[in-house]
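Coordinate inspection notes
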Amino acid sequence: MRRKIQKLPDSELDVMIALWNGHGEMTRSEIEDFMKRKKKLAPTTILTLLSRLEKKKFVSVKKEGKANLYRALVTQEQYQQQEGKHVLEKLYGNSLKNFVATLYQGKQIDQSDIEELEAFLQELEKDQ
């Protein structure tokens, strides 16, 4: 049985993004270096976020020498799938059409996006 993955606050999600985009196991300082590109957080703040993520079972921690190595236990794909389903259900009544229409009306979709969606839908039809 798959466990329900809870929604993360933005700050914790930023740490997860660093882990997903890094290599398998990362130290706190490696995570901090990656996150500096987006926003600067104090090392103690990053440690607090990592501790929260460990309690939520999003990351594991392994002691190696003087350093702790952090590894994502939830993949980016798992998180995106859970959050995507949640947004679609909650905000768009499970209607993919309403979701895409909202993006289109907000001028968030251009012709290349439409072509990409068409190709994706054709691929889905082939697979069924």
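Details of the structure are given in the entry above.
None of these values were measured; they are calculated from a predicted model.

Criteria and thresholds
Residues numbered from 1 in each chain as written. Predicted model: local features only at pLDDT ≥ 70, side-chain atom pairs only at ≥ 80, totals over all residues. Heavy atoms only, no water. Helix = DSSP H or I, 4+ residues; strand = E, 2+ residues; numbered from the N terminus. Rg over C-alpha atoms; globule rule 2.2 N^0.38 Å. Buried < 20%, exposed > 50% of the residue type's maximum accessible area, 1.4 Å probe, protein only. Contact = heavy atoms within 4.5 Å. Areas by Shrake-Rupley, 256 points an atom, 1.4 Å probe, with all protein chains shown as cover. Core = buried A, V, L, I, M, F, W, Y, C linked by side-chain atoms within 4.5 Å. Salt bridge = Lys/Arg side-chain N within 4 Å of Asp/Glu carboxyl O. Pairing = 2+ DSSP bridges. Axes fitted to C-alpha atoms, helices over the stretch in contact; angles between N-to-C directions. Parallel < 35°, antiparallel > 145°, perpendicular 65-115°, else oblique. Nonpolar A, V, L, I, M, F, W, Y, C, P; charged D, E, K, R; others polar.

Right, let's talk about the overall build of the chain for a bit. The number of helices and strands found in the chain is 6 helices and 2 strands. For 128 residues, the compact-globule estimate of 2.2 N^0.38 gives 14 Å, and the chain exceeds it by more than 25% at 18 Å. With the C-alpha coordinates aligned to their principal axes, the bounding extent of the chain is approximately 50 × 35 × 25 Å. Classification of the 128 residues of the chain by burial places 26% in the buried group. Across the chain, the fraction of contacts at a sequence separation of at least 24, relative to all contacts at a separation of at least 6, is 50%. Of the roughly 9400 Å² that the chain leaves accessible, carbon and sulfur atoms contribute 52%.

The next subject is the nonpolar core. Soluble globular proteins tend to pack their nonpolar side chains together in the buried interior. If you look at the biggest cluster of nonpolar residues, it comprises 22 residues, and the most contacted ones within it are Val 15, Met 16, Leu 19, Ile 31, Phe 58 and Tyr 79. Elements that contribute at least two residues to this core include exactly helix 1 (10–21), helix 2 (28–36) and helix 3 (43–55). Per-element accounting of this core gives the leading share, 6 residues, to helix 1. Discounting chain neighbours no more than four positions away, the residues touching Tyr 79 are Ile 5, Gln 6, Lys 7, Leu 8, Leu 13, Trp 20, Phe 58 and Val 74.

A word on the environment of Thr 44. On the secondary structure map, Thr 44 appears in helix 3. For Thr 44, a relative accessible area of 54% translates into the label exposed. Residues Thr 44 and Asn 94, spaced 50 residues apart in sequence, show a C-alpha to C-alpha distance of 40 Å.

Time to look at the pattern of salt bridges. Under the criterion given, the structure shown has 9 salt bridges. Lys 7 serves as the salt-bridge partner of Glu 83, at 3.6 Å between the closest nitrogen and oxygen. One end of the pair, Glu 83, is in helix 4 (residues 76–92); the other, Lys 7, is in the segment before helix 1, and 76 residues separate them in sequence. Residues participating in the shared-partner salt-bridge network are Glu 12, Arg 52 and Lys 56.

Inspection of the sheet shows strand 1 (residues 59–64) paired to strand 2 (residues 67–72) by 6 bridges, in the antiparallel sense. Each bridged residue has a counterpart across the sheet, and for Val 61 the counterpart in strand 2 is Tyr 70. Connecting strand 1 to the next strand, strand 2, in antiparallel fashion are 2 residues, including Gly 65 with a positive phi near 65°.

What follows deals with the packing of helix 1 against helix 2. Close contact between helix 1 and helix 2 brings their axes to 9 Å; oriented N to C, the two are set at 105°. In terms of axis orientation, helix 1 runs roughly perpendicular to helix 2. Taken together, the residues of helix 2 that come into contact with helix 1 (itself represented by Asp 14, Val 15, Ile 17, Ala 18, Leu 19 and Asn 21) are Ile 31, Phe 34 and Met 35. Across the contact of helix 1 with helix 2, the residue classes tally to 7 nonpolar, 1 polar and 1 charged.

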